[in-house]
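Overview (structure and organization)
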Amino acid sequence: ATTSAQAAANAMAAMADRDYFYSRTSQPTTAEDVVAAQLGGRADTDSDDDDGFGSEGEYAQEVKDGLEEYEDLREDDRRFMILWNKQCRRRRVLVDVQMPVACECFALDQAKELNARPGVKRAFMMHMLTLQDHGFVDAPCIDHCLLLLDRQARMGKDGESAKGKDAVMTAS
């Protein structure tokens, strides 16, 4: 199984041959600076953190309010968008080659909710297909993320079955 550290190392290797620029000043930077800023290492002098939101709660409320404008959006799609935006903000997804890692981390971190709400899982799958259409992820990445979700669902069911057996054995 791929760990987050392995996924991050793979992303770093993919990032090495690219040119990076600060979004505000257009000054060049390196892949190491991008990753260091993402992991909370060295301070990034051209910080993109200043988004005008003081806390995670304020940000989540702003996203939710923004999504309320779309009347034709289903509740499960809205929930997925909130979860995805929150994940990207927390994990600081900065460049396109980080998308496979972002999808994997999202699948791992949100497995319980995605498996409990099929509509939200469907929205995640559709999002990954859109990312594939734009060349940000490939089919093996999508397959891997869905396998992670399936494995988590099986583990959850196995855990519930074991708990149920223990409860029956204890009650006898």
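What this report covers is the structure whose coordinates are included nearby. (Residues numbered from 1 in each chain as written. Predicted model: local features only at pLDDT ≥ 70, side-chain atom pairs only at ≥ 80, totals over all residues. Heavy atoms only, no water.)

Some details on the side chain of aspartate 77
Positionally, aspartate 77 belongs in helix α4 (residues 75-91). Note on aspartate 77: relative accessible area 16%, which makes it buried. Beyond its immediate chain neighbours, meaning those up to four positions away, aspartate 77 contacts Arg122 and Ala123. (Helix = DSSP H or I, 4+ residues; strand = E, 2+ residues; numbered from the N terminus. Buried < 20%, exposed > 50% of the residue type's maximum accessible area, 1.4 Å probe, protein only. Contact = heavy atoms within 4.5 Å.)

Here's the deal with the packing of aromatic side chains
Considering all chains together, one arrives at five aromatic pairs under this definition. Their ring planes at 65 degrees and their centres at 5.3 Å tell us that tryptophan 84 and phenylalanine 106 sit as a pair that is edge-to-face. With tryptophan 84 in helix α4 and phenylalanine 106 in helix α5 (residues 99-109), the pair connects residues that are 22 residues apart, well separated along the chain. Of the aromatic side chains, those joined through ring pairs into one cluster are Phe80, Trp84, Phe106 and Phe124. (Phe/Tyr/Trp six-rings, centres within 6.5 Å; stacked < 30°, edge-to-face > 60°.)

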